[in-house]
Amino acid sequence: MSTNIRQPKYFTSEQVAEVLTWSLVNSAVEEALIATGTTQANAKESYAIQPARSVTPCGDYSQRLLVMPGYVGNYQLSENGDRINTLACKVVTSFACNQNLQPPLPNILANILLFCPQTGQLQCIMDGTQITAWRTASASIVATKYLFLKRFPQGIEKPIKVAIIGCGVQGQSHALGMCKTFNVIDISLWNRTKSKADNLANKLRAEFPNGLNVQVSDRPQDAVEDADVICIGTYAPNALISYVMLKGGDVHINSVGGGQVHFREVSQDIYDYAVVYVDSLVSVKNQLQVLKATIHGELGAVIRNRGELRRDGRITIFQSLGIAAEDATVAQAVYDTLTNANIKTIHGSK
C-alpha cells in the first residue's frame, strides 16, 4: 500500500483574512459565474460541475448543515495566468441564534476542503466563514456591475446611492465591498436592531472619511427611497421593502437573505415588475420552488455575452443563492496566495 499521502495544509481564519482583497475575490467570483451553466461537453473555455447543495436540518430549520461540492475546470484566476482546475467542497452550518450567544458567533460557519484535481488527495482545509461572507457580497458586486451599471455610459464610474437592509455579517461585507469597488457617494443603513446599523455606520465613516455620505435610517422605506442599488440580507420572514418605496425603474436589488424564506424580504409587487437573475438555475429547483417570479436567466450568461444592457426601465433583481463554484475559485485564489507567501518566507524573501 502506498504511503505517499501528505498531510493537508490548514489555514485559519486569521491567515485567510490576511490575503482577502476585493480585487482577488471579485475576479475569482466572476470566473466562477462565467463557468456556471457551461458543461464540459460544450465548453470552449471554463466550465463548472456543481450538484445542488444538500441540507440537513439540525433539530429545526433555523439550524442546518449544508454540504456544497463543486468542480471548476479550465479557468483562469488572472488574465495572463495558466488555466487550472479546482475540486472543492464547502461544509457550512447556519445557526440563526448564534448571534445571541455570549460572546456571539457568526450565524454562518464554514470550512472549505480543497482536493488535488488529478489524484483526489485532500490538499487543504481552510476556514471558510470569511470567504462565505466575501464571496456572497462579491457575487452581488458582479451582478451590480453587469445588470445595473452597464446600462449607463459611465459604467462602474457612475456615482451611485446604495441602501443596506440588514447590517449583520452580510450587510457589513456588502457595504464595504460596494464602497471599495464602486463610486458610492451615499449609503443608507437599516437594521431591526439600530445599534448594528450605528456600528456599521461608524466603520464606514472611519474607512471612507472623504466623499461618502453615511446615513442610518429608522425605517426600511427611508433607506431605499433614493437608492440606485439595494442590498437586502436578513432572516425576516415577511416583506421589508415594496414597490411603492422605490424611486422608480432604474433600481437594482441584490437579494441575499437567510435560507428558505429569504426571498420574502422583497414584496411580491416588486417581483411582478422586475427582471430576475440567479447565480444557478440548478439551485432554483431546490431553493426557490415557491417563488412567484419568472427567472430571466443566469448571471454568468450575461457576463459571457459581455453584459446585457437593459434600457427598458425595469427593476433588476439578483437572487443570490450561493454556489460551490464561487467557494472553489476563491478558496483556490486564497490557497495559491498563502502557499506562495509561505514559499517566499521559507526562501528568505518577503
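Residues numbered from 1 in each chain as written. Predicted model: local features only at pLDDT ≥ 70, side-chain atom pairs only at ≥ 80, totals over all residues. Heavy atoms only, no water.

## With respect to the overall build of the chain
Then, number 1: Tallying secondary structure elements over the chain gives ten helices and 15 strands in all.
Then, number 2: Dimensions of the chain, computed from the C-alpha atoms along their principal axes, are close to 70 × 50 × 45 Å.
Then, number 3: Looking at the chain as a whole, 50% of its 350 residues are labelled buried.
Then, number 4: The contacts of the chain with a sequence gap of at least 6 include a subset with a gap of at least 24, amounting to 68%.
Then, number 5: Accessible surface computed for the chain: about 16500 Å², of which carbon and sulfur atoms make up 50%.
Then, number 6: Here the chain holds 31 positive side-chain charges and 29 negative ones, and the gap between their average locations is 2 Å. (Helix = DSSP H or I, 4+ residues; strand = E, 2+ residues; numbered from the N terminus. Buried < 20%, exposed > 50% of the residue type's maximum accessible area, 1.4 Å probe, protein only. Contact = heavy atoms within 4.5 Å. Areas by Shrake-Rupley, 256 points an atom, 1.4 Å probe, with all protein chains shown as cover. Lys, Arg positive; Asp, Glu negative; His and termini not counted. Charge placed at Lys NZ, Arg CZ, Asp CG, Glu CD.)

## Some thoughts on the packing of aromatic side chains
Then, number 1: In this structure the tally under the stated criterion is five aromatic pairs.
Then, number 2: On the basis of an interplanar angle of 40° and a centroid distance of 6.2 Å, the ring pair of Tyr 47 and Tyr 71 is categorised as tilted. You can see Tyr 47 sitting in strand S2 (residues 47–49) and its partner Tyr 71 sitting in strand S4 (residues 60–75), a full 24 residues away along the chain.
Then, number 3: On the numbers, 5.2 Å between centres and 55° between planes, the contact of Tyr 243 with Tyr 273 is tilted. One end of the pair, Tyr 243, is in the loop between strand S11 (229–232) and strand S12 (252–255); the other, Tyr 273, is in helix H7 (residues 268–273), with 30 residues separating them in the sequence.
Then, number 4: Using a relative accessible area of 30% as the deciding quantity, one classes Tyr 243 as partly exposed.
Then, number 5: Note on Tyr 273: relative accessible area 33%, which makes it partly exposed.
Then, number 6: We note Lys 158 situated over the ring of Phe 152; from NZ or CZ to the ring centre the distance is 4.5 Å. (Phe/Tyr/Trp six-rings, centres within 6.5 Å; stacked < 30°, edge-to-face > 60°. Lys NZ or Arg CZ within 6 Å of the ring centre and 35° of its normal.)

## Some remarks on the pairing of strand S15 (residues 316–319)
Consecutive side chains along a regular strand alternate between the two faces of the sheet.
Then, number 1: Because side chains alternate across S15, one face comprises the buried residues Thr 316 and Phe 318, and the other comprises Ile 317 and Gln 319, equally buried.
Then, number 2: Bridge count for S12 against S15 is four bridges, and the pairing is parallel. By the bridge assignment, Ile 253 is partnered in S15 with Ile 317.
Then, number 3: One ladder, built from four bridges, connects strand S13 (residues 275–278) with S15; its direction is parallel. Residue pairing in the sheet places Val 276 in a bridge with Ile 317 of S15. (Pairing = 2+ DSSP bridges.)

## Notes on helix H4 (residues 169–181)
Then, number 1: Across its 13 residues, H4 extends 18 Å between first and last C-alpha, which sits within 8% of the 18 Å expected from 1.5 Å per residue.
Then, number 2: Listing the buried residues of H4 in full gives Gln 170, Gly 171, Ser 173, His 174, Ala 175, Gly 177, Met 178 and Cys 179. (Expected span 1.5 Å × (residues − 1).)

## Here we look at the sheet that holds S15
Then, number 1: Reading across from one edge, S10-S9-S8-S11-S12-S15-S13-S14 is the order of the eight strands in this open sheet, with parallel pairing throughout. The outermost strands of the open sheet, each flanked by one partner alone, are strand S10 (213–216) and strand S14 (295–298). Taken pair by pair, the neighbouring strands of this sheet meet at an average axis angle of 20°, ignoring direction.
Then, number 2: The sheet contact formed by strand S8 (residues 160–165) and strand S9 (residues 184–190) spans six bridges and is parallel. Looking across to S9, one finds that Ile 165 is bridged to Trp 190.
Then, number 3: Against the sheet, helix H3 (residues 129–148) makes contact with S8, S11, S12, S13 and S15, and its axis sits at roughly 155° relative to S12, the strand it touches most. (Axes fitted to C-alpha atoms, helices over the stretch in contact; angles between N-to-C directions.)

## Brief notes about unusual backbone geometry
Then, number 1: Along the chain, Gln 102 connects to Pro 103 via a cis peptide bond; the corresponding omega equals -5°.
Then, number 2: Tracing the chain through its elements places Pro 103 in the loop between strand S5 (84–95) and strand S6 (108–115).
Then, number 3: Even without being glycine, Asn 74 reaches a positive phi, approximately 60°.
Then, number 4: Along the polypeptide, Asn 74 turns up in strand S4.

## Considerations on the pattern of salt bridges
Then, number 1: Enumeration according to the criterion identifies nine salt bridges in this entry.
Then, number 2: Linking Asp 228 and Lys 247 is a salt bridge whose minimum nitrogen-to-oxygen distance equals 2.3 Å. Residue Asp 228 is found in the loop between helix H6 (220–224) and S11, and its partner Lys 247 is found in the loop between S11 and S12; the two are separated by 19 residues along the sequence.
Then, number 3: Members of the salt-bridge network, linked through shared partners, are Lys 90, Arg 135, Glu 326 and Asp 327. (Salt bridge = Lys/Arg side-chain N within 4 Å of Asp/Glu carboxyl O.)

## Focus: the confidence of the model for the chain
Then, number 1: Chain-level pLDDT for the chain is 89 on average; 91% of the residues reach the 70-or-more range.
Then, number 2: Across residues 345–350, confidence stays below pLDDT 50; counting only partners more than four residues off in sequence or on other chains, it has one contact. (pLDDT = per-residue confidence, 0-100.)

## Remarks on the nonpolar core
Then, number 1: Judged by nonpolar contacts, the single largest core of 68 residues is most densely connected at Met 126, Val 184, Ile 187, Leu 189, Leu 299 and Val 334.
Then, number 2: Considering every element that reaches this core, the biggest residue donor is H3, with ten residues.
Then, number 3: Membership of the second largest hydrophobic core comes to 27 residues, among which are Trp 190, Val 224, Ile 230 and Leu 246. (Core = buried A, V, L, I, M, F, W, Y, C linked by side-chain atoms within 4.5 Å.)

## Brief notes about the side chain of Thr 234
Then, number 1: Its place among the elements puts Thr 234 in the loop between S11 and S12.
Then, number 2: At a separation of 3.0 Å, a polar atom in the side chain of Thr 234 contacts the main-chain amide nitrogen of Ala 236. (Polar contact = N/O pair within 3.5 Å; in protein donor to acceptor, adjacent residues only side chain to side chain.)

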